[in-house]
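Each chain is listed here by its residues.
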Amino acid sequence: MASKFRVGDLVWAKMKGFPAWPGKVIEPKPEVKRPSNKKPMHFIFFYGSENYAWVFEENTFLYATNKDKFMPASRIPKGFKEAVEAIDEALEAMPTQMKNRQNDLPSIDEELATIFPERPEATKSAHRDYTREPLTGKTKHERRSPSPVLVDGEEPPVETAADDAETPEGATEQKMPRVRKPTQKFAESVESGEMTAKNATARKKNELVKKAIKHATASQSGPSPKKIKLGTPRKSPKKPRMPSVRIPSELTTRKPQKNIIPTPCKIGFLGLGIMGSGMVRNLLKSGHEVTVWNRTIEKCKDFAALGALPGETPCDVVQSCDIIFSSVANPAALKDLVFGNCGVLQGISPGKSFVDMSSVDVETITDINEAITMRNGRFLEAPVFGSKEASEDGQLVVLAAGDRDLYDDCLSCFEAIGRKTYYLGEIGNGARMRLVLSMVLGTVIAGLSEGMALAGKVGLHQEDLLEILSLSSLNCSLFRSKGYAMMENSYNPRALLQNQQKDMRLSLNLGDEVDQPLAVAAAANEMYKKAKARGYGTSDVAAVFRAADI
């Protein structure tokens, strides 16, 4: 069947886990491999994000005629407004002929007429119009016509689909004629001109019974009469099998509402990256007073519009707040934040509290703890475990260790950003737990990527692999989200690959300190390093698939 879309068409493209997004059908990029799935697909350029990916044709819709359908009524995603403005400008700039095409794609009936040009009109009218039927008040017996009385040796009649079609009230009922297959006995009697009295009587009785039942059914307004067995009952037509629909677990899981009493302490937050941004939003939603700082000043302006106070330097934020949180990418960034010019340490004084939520090594955390406490400040490590979505939804897991009193003072903040908080004891235990969890996560995703690559190489459908996994004990949201991202080559960052590789490296160093062999993690780390070297460091962690799919 010919493709519904061609290069240059403006469309809505729907990918797994994302809302429909404005895009344009373009020529495929040679560096982006087409998934092995045999379903029709198109290569889509996404406005606003400037990304591109392969998208199934069944998830692609014409932009102009579906604009009202896919425009969100509330909670407009970031960048969506800019994407719509860009595609509207592209639509206006189109030549008249192309612009008309955006509204002239064939309907479903027209496509069926193209596929089945010799389709009889009777077959088309045989389909029931359910939109005119009441949902209640009809019983099974009212919808089913009675079975005829059959003469001995005669086969039941073969009925067309029109026998089951119902005529709207007030219209004239038209039925397709029934086709009987004559038996050998009946054919011989006709050929010889003979018809036994027995057969003639039975046929007459059959007609009389059918007329009586039809009259009784039409005049009856209450419940249908008891079923009367008249000969061999006709088999009910089989109901069409409905296609299975995947519903993301995040759409069926209702997140509990949080009733949080915010701390009276003034909160500072340093670092507004992928994880920090979500945490700050939830702190503001829960009523905390927050002062923010980020190396990129523009991000501070975005949060100022939500009620946050912008800080000029980390030192200024520390001096103006009681409890200061930080969330940065790696140990080097954290050391620069604390020990650098106008850093955290310059603002620390007795009574000030510093909480780091980054994923770093034990040595870095220990050094910062010593520096803060030497200035009579309080320090708590509280790395978080979870994705970008968990950060935005306030569903992170907090792994705290260090000053217990400071931990208690931070409980309202932890409640706002996480679903569960663990106090793990002495300084360093939070970093250790975070690295162990990251190591497990990294090896699992790397193993999934190799499985997806192998399935594609041996001619299996990767989508079938994911569906079978979802029916087994391996069913989890991680496999669903990362698996479909690998299959569709869509790597919009939820967790940066370069950060995952950093955690793998730190976990291997932790194993070396205690002579613990980590052979599987070491092999997985090499895959992340390979994907990073290919330019996928700032992509989502699912891009490790690009190291396996060679």
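Being a predicted model, the structure only gives us computed values, none of them experimental.

Definitions and cut-offs
- Residues numbered from 1 in each chain as written.
- Predicted model: local features only at pLDDT ≥ 70, side-chain atom pairs only at ≥ 80, totals over all residues.
- Heavy atoms only, no water.
- 1 Å grid on protein atoms, 1.4 Å probe; cavity = no way out; pocket = protein on both sides within 12 Å on 5 of 7 lines; lining within 4 Å.
- Points joined across faces, edges and corners; volume = space filled by probe spheres on them.
- Helix = DSSP H or I, 4+ residues; strand = E, 2+ residues; numbered from the N terminus.
- Nonpolar A, V, L, I, M, F, W, Y, C, P; charged D, E, K, R; others polar.
- Buried < 20%, exposed > 50% of the residue type's maximum accessible area, 1.4 Å probe, protein only.
- Contact = heavy atoms within 4.5 Å.
- Pairing = 2+ DSSP bridges.
- Axes fitted to C-alpha atoms, helices over the stretch in contact; angles between N-to-C directions.
- Phe/Tyr/Trp six-rings, centres within 6.5 Å; stacked < 30°, edge-to-face > 60°.
- Lys NZ or Arg CZ within 6 Å of the ring centre and 35° of its normal.
- Parallel < 35°, antiparallel > 145°, perpendicular 65-115°, else oblique.
- Left-handed = near helix turned anticlockwise from the far one by under 90°.
- Core = buried A, V, L, I, M, F, W, Y, C linked by side-chain atoms within 4.5 Å.
- Domains from an automatic or database assignment.
- Patch = residues over 30% accessible without salt bridge, like charges linked within 9 Å, V, L, I, M, F, W, Y side chains within 5 Å.
- Areas by Shrake-Rupley, 256 points an atom, 1.4 Å probe, with all protein chains shown as cover.
- Salt bridge = Lys/Arg side-chain N within 4 Å of Asp/Glu carboxyl O.
- Lys, Arg positive; Asp, Glu negative; His and termini not counted.
- Charge placed at Lys NZ, Arg CZ, Asp CG, Glu CD.
- Expected span 1.5 Å × (residues − 1).

A. View of empty space enclosed by the protein. By the definition in use, this model includes 2 cavities of 30 Å³ or more. Lining of the second largest cavity is provided by Leu466, Leu469, Ser470, Asn475, Cys476, Phe479, Arg480 and Tyr484. Looking at the lining of the second largest cavity, the elements with two or more residues in it are helix 20 (462–470) and helix 21 (477–488). Residues that form the lining of the second largest cavity fall into these classes: 5 nonpolar, 2 polar and 1 charged.

B. Region of interest: the side chain of Ser539. Examined against the element boundaries, Ser539 turns out to sit in the loop between helix 23 (519–536) and helix 24 (545–548). We classify Ser539 as buried; its relative accessible area is 15%. Beyond its immediate chain neighbours, meaning those up to four positions away, Ser539 contacts Tyr491, Pro493, Ala495, Leu496 and Leu497.

C. Just the sheet that holds strand 1 (residues 10–13), in detail. The sheet built from 5 strands is open, its strands ordered 4-3-2-1-5 with antiparallel pairing. Of all strands in the sheet, those with a lone pairing partner are strand 4 (52–56) and strand 5 (60–62), marking the two edges. Neighbour-to-neighbour, the strand axes of this sheet turn through a mean angle of 45°, independent of strand direction. The sheet contact formed by strand 1 and strand 5 spans 3 bridges and is antiparallel. Looking at the pairing, Ala13 lines up with Thr60 of strand 5. In the packing of helix 2 (residues 80–92) onto the sheet, contacts are made with strand 1 and strand 2 (21–25), and the angle to strand 2 comes to roughly 40°.

D. View of the packing of aromatic side chains. In this structure the tally under the stated criterion is 14 aromatic pairs. Relative to Tyr423, the ring of Tyr407 lies with its centre 5.1 Å away and its plane at 50°, an arrangement referred to as tilted. With a gap of 16 residues between them, Tyr407 in helix 17 (residues 404–409) and Tyr423 in strand 14 (residues 418–423) connect regions that are remote in the sequence. An angle of 85° between the planes, with centres 6.0 Å apart, marks the rings of Tyr491 and Tyr536 as edge-to-face. Here Tyr491, found in the loop between helix 21 and helix 22 (497–513), pairs with Tyr536, found in helix 23; they are 45 residues apart in sequence, far enough to count as distant. Given a relative accessible area of 12%, Tyr491 falls into the buried group. Linked through ring pairs, Trp12, Trp21, Phe61, Tyr63, Phe70 and Phe80 together constitute an aromatic cluster. One residue, Lys39, lies across the ring of Phe56, its end atom 5.7 Å from the ring centre. Above the face of the Tyr423 ring, Arg404 is positioned so that its terminal group lies 4.6 Å from the ring centre.

E. Highlighting the packing of helix 19 (residues 429–457) against helix 23. It is at 9 Å that the axes of helix 19 and helix 23 come closest, and there the two elements cross at 65°. With respect to their mutual orientation, helix 19 and helix 23 come out roughly perpendicular. Helix 19 and helix 23 meet at a crossing whose hand is left-handed. Of the residues in helix 23, those touching helix 19 at Met439, Gly442, Thr443, Ile445, Ala446, Ser449 and Glu450 are Val520, Ala521, Ala524, Met527 and Tyr528. Of the residues that constitute the contact of helix 19 with helix 23, the class distribution is 8 nonpolar, 3 polar and 1 charged.

F. Highlighting the nonpolar core. Among the nonpolar cores identified, the biggest contains 59 residues, and Leu10, Ile44, Phe46, Tyr63, Met452, Met486 and Tyr528 are the most heavily contacted of them. Ranked by residues supplied to this core, first place goes to helix 19 with 6 residues. Two domains each put at least three residues into this core: domain 1 (9–106) and domain 3 (434–548). By size, the runner-up hydrophobic cluster in this structure holds 32 residues, among which are Leu284, Ile323, Met357 and Ala416.

G. Region of the structure containing a positive patch on the surface. On the surface, Lys78, Arg281, Lys285 and Lys299 cluster together into a patch of positive charge. Structurally, Lys285 can be placed in helix 10 (residues 274–285). For Lys285, a relative accessible area of 66% corresponds to the exposed category.

H. Spatial organisation of helix 22. Counted at 1.5 Å a residue, the expected span for helix 22 with its 17 residues is 24 Å, and the 25 Å between its end C-alpha atoms agrees. Packing partners of the buried residues in helix 22 comprise helix 13 (331–339), helix 15 (362–374), helix 19 and helix 23. Positioned one or two residues after helix 22, Asp515 has a phi angle of 55°, which is positive.

I. Up close: a nonpolar patch on the surface. Nonpolar side chains collect at one region of the surface, where Val436, Val440 and Val444 lie side by side and expose about 200 Å² of accessible area between them. Here Val440 is to be found in helix 19.

J. Here's a closer look at the pattern of salt bridges. Under the definition given, this model contains 11 salt bridges. In this structure, Asp503 and Arg434 form a salt bridge, with 3.8 Å as the shortest nitrogen-oxygen distance. Of this pair, Asp503 sits in helix 22 while Arg434 is found in helix 19, placing the two residues 69 residues apart along the sequence. Taken individually, Asp503 and Arg434 each receive the classification buried, so the pair is uniform in this respect. Salt bridges here are not isolated pairs; linked through shared partners, they connect Lys39, Glu58 and Glu463.

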